[in-house]
Structures are given as C-alpha cells and as structure tokens.
Amino acid sequence: MRKAIWIVPLFLLVVLACASLMVGSSSYPAGEVVRTLLGKGDDPALSYIISGMRLPRTFAALLCGMVLATGGCLFQAVLRNPMADPFVLGVSSGGALGAAIGLTFGLTNLTAPAMAGGFASAFLVLLLSLRHQSQTRLILTGVALNYLCSSLMTLCMMLDYDQYQRIIFWTMGSFSTVTFQGVRILAISYLLSLIPLTLVAGSLDLLLLDDASALSVGLDIHRARVTAIAIATFPVAVTVAWFGVIGFVGLLAPHVARLLVGPSHKRLLPLCALLGADLLLASDLVCRVILPSGELPAGVITSLLGTPLLILMLHRGSVRHG
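Here's a quick rundown of the structure.

Cut-off values and rules
Residues take numbers from 1 onward in each chain, read along the sequence in its written order. Per-residue local features are limited, in this predicted model, to residues with pLDDT of at least 70; the limit for side-chain atom pairs, both in listing and counting, is 80 or more; totals at the level of whole chains, interfaces and linings are taken over all residues. Side-chain measures were taken over the full set of non-hydrogen atoms in the model, leaving aside hydrogen atoms and water. Helix and strand assignments follow DSSP, with helices taken as H or I runs no shorter than four residues and strands as E runs no shorter than two, numbered in order from the N terminus. In this description the radius of gyration comes from C-alpha coordinates, and the expected globular size is given by 2.2 Å times residues to the power 0.38. Working definition: with a 1.4 Å probe on protein chains only, accessible area under 20% of the residue-type maximum means buried, over 50% means exposed, and in between means partly exposed. Should any heavy atoms of two residues lie within 4.5 Å, those residues are counted as being in contact. Comment: axis = line fitted to C-alpha atoms, over the contacting stretch for helices; angle = value between 0 and 180 degrees taken between N-to-C directions. An angle below 35 degrees is read as roughly parallel, one above 145 as roughly antiparallel, one from 65 to 115 as roughly perpendicular, and any other as oblique. By definition, turning the near helix anticlockwise from the far helix through less than a right angle yields a left-handed crossing, and turning it clockwise yields a right-handed one. Charged means Asp, Glu, Lys or Arg here, nonpolar means Ala, Val, Leu, Ile, Met, Phe, Trp, Tyr, Cys or Pro, and polar covers whatever is left, Gly included. Only one rule defines a salt bridge in this text: a Lys or Arg side-chain nitrogen within 4 Å of an Asp or Glu carboxyl oxygen. Each pair of aromatic rings taken from Phe, Tyr and Trp, with Trp reduced to its six-membered ring, is defined by centres within 6.5 Å and is described as stacked if the planes are under 30 degrees apart, edge-to-face if over 60, and tilted in the remaining cases. By this rule the span expected of a helix is its residue count minus one, scaled by 1.5 Å. Grouping buried Ala, Val, Leu, Ile, Met, Phe, Trp, Tyr and Cys residues that are joined through side-chain atoms within 4.5 Å yields what is termed a nonpolar core. Within this analysis, patches are made of residues with over 30% relative accessible area and no salt bridge. Like charges are joined at 9 Å or less; nonpolar side chains (Val, Leu, Ile, Met, Phe, Trp, Tyr) at 5 Å or less. Computed with the Shrake-Rupley method and a 1.4 Å probe, the accessible areas treat only the protein chains shown as cover for residues. In this description, a disulfide is simply a cysteine sulfur pair whose atoms lie within 2.5 Å.

Looking now at the overall build of the protein chain. Broken down by element type, the protein chain carries 13 helices and zero strands. Mapped in sequence order, the helices and strands of the protein chain form the string α-α-α-α-α-α-α-α-α-α-α-α-α. At 20 Å, the protein chain has a C-alpha radius of gyration in line with the 20 Å of a compact globule built from 322 residues. Taken along its principal axes, the extent of the C-alpha atoms in the protein chain is 65 × 55 × 35 Å. Every one of the 322 residues in the protein chain was classed for burial, and the buried ones make up 50%. Across the protein chain, contacts joining residues at least 24 apart in sequence account for 76% of those joining residues at least 6 apart.

This is the structure in structure tokens:
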C-alpha cells in the first residue's frame, strides 16, 4: 500500500507526459512521437511541433505543478492555515501587477516586471509584519496587499484598454508561449530552492506546533518562517513571471498528499510535488482537448478540476492540517 502511494502518481506522471506530447490540435501516434524525439523523423513540421512546442510545454507544466504544490505546502505549514496557498502573501497579484504595468508601458518581455512585482509584494508583506511576528497579521497583510494590487491592475486595464485582454489572460496562466529558456530558468530556480528546503524540512514539522511548544525545543520561529517563505517565494515568483497566475494547485495538492502520507514534511513535500505536476499536466491536456484550435488558460481548468474535489473533501471532513 505504501509503495502504491508513490508508484501511482509516478505512473500517472509518465502517462500524462506522454499524452501531452501526442495530443493537441493534431494528434500523433506514440511511435511517431518517439522517432521524432530521437531525431529519426522525416517531417520537419512534426519535429518542430513535438520538440519545439509540446516538449517545452510538457516540462513547463510539470515544473510549474511541482513549484506551486511545494509552495502551497510550505505556506500552509508556516501560516498554520489549511487554506493558504503560494499566493497568500501577494506574490501572484504583485506579479500580475508588474506584468500589467509592463504592458501599459509597451514592454514586450514581461518577465522582469512580473518577477519584480512578485518579489516586491512578498518583501513588503514580510517587512510590514516584521515587528509583530504573528501568522495572522502576516495573512491579513497579504490579503490587503492582494486587494491593493488587484485595484491597481484594474486601473492599468482601464487606462490602456487595448491591453485589457492580454492582462486578463495573464491572470489565468497559460503555457501557450512557453520556450526552453523559461523552462531552464524555472528548473534552475526550483533546484536552487530544494537545497535549503532539505535543511528546513524538520523545522516545518515544528512550526505546526503552537509557539510555546516550538520555542521549548529550541526553534527560532521567526527565522524558520522567514526562511520557508523565502524558499517558497523565489520559484513561485519565477513561475508567475513566465507563465502567469495559475491558482488552486498549491491549495489542493498538499491536502491530498497529507491524506496519503500524513503531516511529516520529509514525505509530504516530495508527494506534493508529484501530485502538483500530475494536476497541472492533466489541466493543460484538458485545455488542448477542449479547445484544440485556440488556447484555454490553464488556471481555468485547475479551478474546474480542483474545486469539486476540495468541496467533497471539506464535506467529508478530509481536509486537515498537521
């Protein structure tokens, strides 16, 4: 049973990744896809579709799912809030605001302003909450900043109505314009976050306790919280900068993983990453099946797939924390 908990998500990941390479506006058999990936295909157009478009898109969805699910798990531990997700401190709204400002000023590459907006939001929330080391104050500050960024983004849309559709599309996330450059940057940021993450996994278990219990075992609560938030914010900000805002993955995946392996973060974090990758790969695949001739934002599907499952879990009392 314990092996199945890991084997099933891994098997599903392989199946979804293969399907992602085969299915789209045009579908191709597995043998033809394999020959193309090995460089033995005779059709240059097919080679471009598989290697230049679908392969980076598959890797992007896989990595984004891992980043958002891991971030959700970290924020739920740090804030002791089962409804926290990677964007609770305004990373998503700050990134979207940065992109909106970039579009308003006519920038074609929105990565830098979006990333700057995401980091600035998270830094501002931490700075405002530094004096009062309370997770409740941290959450409320993040909520307030989310509203402020959303209002400013609406103002940007009204001032430059020609960019209205692009800004709206950005807020729902998409892999339609993914390149290997974005995939490489996201992979590097995620790998860099994994190094310190392995060092704080034990601290995350202690953060689930009340402050008095955590302090009694020698944990520096404030330092542990700031470290975990910084680890989560960096790759999430990169994700928002390159692929827009994709919600619900970081909220749902940790709850499902917690049901399967319990609250210990040494097992919880890797399973979260697997489930997040499965969810976002499946969502992106559904996007291409529903609207093969166009482009449906991935964030729409993650909400449509995740909301009923989360409501069912809440109804059954399956959502728990710690």
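So that's the structure; there's more coming.
Viewed as axis vectors pointing N to C, helix 3 (residues 44-79) and helix 10 (residues 221-243) meet at an angle of 150°, and their least axial separation amounts to 9 Å. The angle between the axes of helix 3 and helix 10 places the two elements in the roughly antiparallel class. In this structure, helix 3 crosses over helix 10, and the sense of that crossing is left-handed. In contact with Ala-60, Cys-64, Val-67, Leu-68, Gly-71, Leu-74, Phe-75 and Val-78 of helix 3, helix 10 contributes Arg-225, Ala-228, Ile-229, Ile-231, Ala-232, Thr-233, Pro-235, Val-236, Thr-239 and Phe-243. Partitioning the contact of helix 3 with helix 10 into residue classes produces 14 nonpolar, three polar and one charged.

What follows covers the pattern of salt bridges. Two side chains bearing opposite charge may form a pair once their charged atoms approach each other closely. By the definition in use, this model includes two salt bridges. In this structure, Arg-57 and Asp-284 form a salt bridge, with 2.8 Å as the shortest nitrogen-oxygen distance. Of this pair, Arg-57 sits in helix 3 while Asp-284 is found in helix 12 (residues 265-290), placing the two residues 227 residues apart along the sequence. With a relative accessible area of 8%, Arg-57 lands in the buried category. Between Arg-288 and Asp-284 there is a salt bridge, with the nearest N and O atoms lying 3.3 Å from each other. One end of the pair, Arg-288, and the other, Asp-284, are both in helix 12, four residues apart, so they sit about a helical turn from each other. Grouping residues by exposure puts Arg-288 and Asp-284 together as buried. One network of salt bridges, with partners in common, ties together Arg-57, Asp-284 and Arg-288.

Another point: the packing of aromatic side chains. The way to describe two aromatic rings as a pair is by their centre distance and the angle between their planes. Tallied over the full model, the rule gives two aromatic pairs. An angle of 50° between the planes, with centres 5.4 Å apart, marks the rings of Phe-175 and Phe-243 as tilted. Taken together, the residues Phe-175 in the loop between helix 7 (164-170) and helix 8 (180-207) and Phe-243 in helix 10 connect sequence positions 68 residues apart. Both residues of the pair, Phe-175 and Phe-243, belong to the buried class.

Here we come to the packing of helix 3 against helix 12. Direction vectors running N to C along helix 3 and helix 12 enclose 135°, while the axes themselves pass 7 Å from each other. Considering the angle they form, helix 3 stands oblique to helix 12. For the pair helix 3 and helix 12, the crossing hand works out as right-handed. Here the contact of helix 3 with helix 12 is composed, by residue class, of 15 nonpolar, five polar and four charged.

A rise of 1.5 Å per residue sets the reference length of helix 1 (residues 2-22), with its 21 residues, at 30 Å; its end C-alpha atoms lie 31 Å apart and thus fit the reference within 8%. Inspection of helix 1 places Ile-5, Pro-9, Leu-13, Leu-16, Ala-17, Ala-19, Ser-20 and Leu-21 among the buried residues, and these make up the whole buried set. Tucked into the core, helix 1 has its buried residues touching helix 2 (30-37), helix 3, helix 11 (249-261) and helix 12.

So, about the nonpolar core. Across soluble globular proteins, nonpolar side chains have a tendency to be buried as a group. By size, the foremost hydrophobic cluster in this structure holds 91 residues, and its most contacted members are Phe-75, Leu-79, Phe-175 and Phe-243. When residues no more than four places from it in sequence are discounted, the contact partners of Phe-75 are Arg-80, Ala-84, Asp-85, Pro-86, Val-88, Leu-89, Ile-229, Ala-232 and Thr-233.

With that settled, the discussion passes to a nonpolar patch on the surface. Taken together, the side chains of Phe-119, Ile-188, Leu-192, Ile-195 and Phe-234 present a nonpolar region at the surface, about 450 Å² in accessible area. When residues of the nonpolar patch are assigned to their parent elements, the largest contribution, three residues, is made by helix 8.

The topology assignment puts Thr-141 in helix 6 (residues 135-159). On a C-alpha basis, the gap between Thr-141 and Ile-7 in space is 40 Å, while along the polypeptide they are 134 residues apart.

With that settled, the discussion passes to unusual backbone geometry. A positive phi angle is found at Phe-248, which is not glycine, with a value near 80°. According to the relative accessible area criterion, Phe-248 is buried, its value standing at 16%.

Overall, the coordinates contain zero disulfides when judged by the stated rule. With no disulfide of its own, Cys-149 lies closest to Cys-156 among cysteine sulfurs, the gap being 10 Å. The exposure class assigned to Cys-149 is buried, which follows from its relative accessible area of 5%. Of the cysteine sulfurs around Cys-287, a residue in no disulfide, the closest is that of Cys-64, at 13 Å.

Structural measurements only, silent on function.
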